[in-house]
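# Coordinate inspection notes
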Amino acid sequence: MPQLPAVINGPAPLSWYLILSAVLFALGVAGFLFRRNIITVFMSIELMLNAVNLSFIAFSYKLGRNDGHIFSFFVMVVAAAEAAVGLAIILTVFKNRQTLEIDEVSSLKN
Amino acid sequence: MDSILFLIFAAISVVCGVNLVLQKHPISSALSLVGVMGSLAVLYLLLGGEFIAMAQLIVYAGAIMVLFIFVIMLQNAGGETRGKKRLWASYAGAPMIAAIIGIGAYLIQHAVPHTAEVTFGAFQHGNPFDIGTSLFENYVLPFEITSILILIAIVGAIVLARKEIE
């Protein structure tokens, strides 16, 4: 097997993890802003939460403590609660209006 | 070896994330989100978080995504329809996202010291024993508050999704 270059073969720099976290967060923001289906917007929020969790765990590795793991565990719990309530709200909106387009649900605006 | 694993799973998660944003139908987005969460679980494992990787797979990729897919199937709504074109948004959106990502990556690359590297197995405090110890010693109060939060979420979800009695 040929010797791989050191960049590929060695340990990954910590900054790569943080950059991946930033990229996923930016994708989540993009989905949140561009999509018009309520469920897709909601999934973009979950993507942002996941990106932040990756940052927590990377910094936890750097500091040698597991507090970041606890924090991302709490983020997961809050995300689960948020998903339950949010999806119930989406069900109610769909029951009342027969649509999931975000631009159609604008009764607070007028 | 660590770099190869990181690059593979980072590529999977970024591709799935882009797919999540671009897909028209919510069920495709949901499957892409499962891909992102699975590959992030592998990255947590590389960073030494054994407990949190399994919790990610069970709670996120398991429970929350099943909830999403249930709701998508209950509503049986079709794909997204194209709305009125906002011209500048459709042309400037993608370059602006790329610029934000580029600036962020540049700043991170310069802020984090180059000696900071991630070797698999170097972090030893991510196993369930250590997580449980610090959860029930240092973080008891947040843990208990979390249980109240979940109780509120259960009651709220039932109240929101119930049928009105005539």
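As a reminder, the structure under discussion sits directly above these lines.
Right, let's walk through the structure included here. Predicted model only: the values in this text are computed from it and were never measured. (Residues numbered from 1 in each chain as written. Chains lettered and ligands numbered in written order. Predicted model: local features only at pLDDT ≥ 70, side-chain atom pairs only at ≥ 80, totals over all residues. Heavy atoms only, no water.)

### Describing the overall build of chain B
Let me state the cut-off plainly: Strands are runs of DSSP state E lasting at least 2 residues, helices are runs of H or I lasting at least 4, and numbering of each runs from the N terminus. Within these notes, the globule rule equals 2.2 Å times the number of residues to the 0.38 power, and the radius of gyration is based on C-alpha atoms. Under the scheme applied here, a residue whose accessible area is under 20% of the maximum for its type counts as buried, over 50% as exposed, and between as partly exposed, the area being computed with a 1.4 Å probe on protein chains only. In this description, contact between two residues means that some pair of their heavy atoms is separated by no more than 4.5 Å. Note that accessible areas follow from Shrake-Rupley with a 1.4 Å probe, and for residues the cover is restricted to the protein chains shown.
In terms of helices and strands, chain B carries six helices and one strand. Traced from its N-terminal end to its C-terminal end, chain B shows the element sequence α-α-α-α-β-α-α. Taking 166 residues into account, the globule formula puts the C-alpha radius of gyration at 15 Å, and chain B, at 21 Å, lies well above it. Across its three principal axes, chain B shows a C-alpha extent of roughly 60 × 45 × 25 Å. Across the 166 residues that make up chain B, the buried fraction comes to 32%. A separation threshold of at least 6 residues defines the contact pool for chain B, and within that pool the share at least 24 residues apart is 64%. Roughly 9,800 Å² of accessible area belongs to chain B as shown, and the carbon and sulfur atoms make up 74% of that amount.

### Re the environment of Asn 66 of chain A
Note the threshold: As used in this structure description, the phrase polar contact means that two N or O atoms lie within 3.5 Å; if the pair is within protein, one of them must be able to donate a hydrogen and the other to accept it, and residues adjacent in sequence are counted only when both atoms belong to side chains.
Counting through the fold element by element, Asn 66 of chain A comes out in the loop between helix H3 (38-63) and helix H4 (67-97). When the C-alpha positions of Asn 66 of chain A and Phe 56 of chain A are compared, they lie 9.7 Å apart, and in sequence the two are ten residues distant. Excluding residues within four positions of it along the chain, Asn 66 of chain A makes contact with Ser 60 of chain A together with Phe 123, His 125, Asp 130, Ile 131 and Ser 134 of chain B. At 3.5 Å, the side chain of Asn 66 of chain A and the side chain of Ser 134 of chain B are in polar contact.

### Topic: helix H2 (residues 26-46) of chain B
Our working definition: Expected span, for any helix, means 1.5 Å times one less than how many residues it has.
With 21 residues, H2 of chain B extends 30 Å between its outermost C-alpha atoms, agreeing within 8% with the 30 Å of an ideal straight helix rising 1.5 Å per residue. Within two residues after H2 of chain B, Gly 48 of chain B carries a phi angle of roughly 90°, on the positive side.

### Examining the packing of H4 of chain A against helix H6 (residues 140-161) of chain B
What counts, and what does not: To obtain each axis, a line is fitted to C-alpha atoms, and for helices this fit is confined to the stretch in contact; angles are then taken between N-to-C directions over 0 to 180 degrees. When describing relative orientation, an angle under 35 degrees is termed roughly parallel and one over 145 degrees roughly antiparallel, while 65 to 115 degrees is termed roughly perpendicular and anything else oblique. Gly counts as polar in this scheme, as do all residues outside two lists: the nonpolar Ala, Val, Leu, Ile, Met, Phe, Trp, Tyr, Cys and Pro, and the charged Asp, Glu, Lys and Arg.
Direction vectors running N to C along H4 of chain A and H6 of chain B enclose 10°, while the axes themselves pass 9 Å from each other. Between H4 of chain A and H6 of chain B, the crossing angle belongs to the class labelled roughly parallel. Residues Phe 74, Val 77, Val 78, Ala 81, Ala 84, Val 85, Ala 88, Ile 89, Thr 92 and Lys 95 of chain A of H4 of chain A form the contact with H6 of chain B, whose own contacting residues are Pro 142, Phe 143, Thr 146, Leu 149, Ile 150, Ala 153, Ala 157, Leu 160 and Ala 161 of chain B. Its residues placed into classes, the contact of H4 of chain A with H6 of chain B shows 16 nonpolar, two polar and one charged.

### Let's talk about the pattern of salt bridges
All names here are of chain A. In plain terms, the rule: Salt bridges are identified by distance alone: a Lys or Arg side-chain nitrogen within 4 Å of an Asp or Glu carboxyl oxygen.
Enumeration over the complete set of coordinates arrives at two salt bridges over all chains. Close ionic contact of Asp 67 with Arg 65 constitutes a salt bridge, the shortest N to O distance being 2.8 Å. The exposure class assigned to Asp 67 is buried, which follows from its relative accessible area of 17%.

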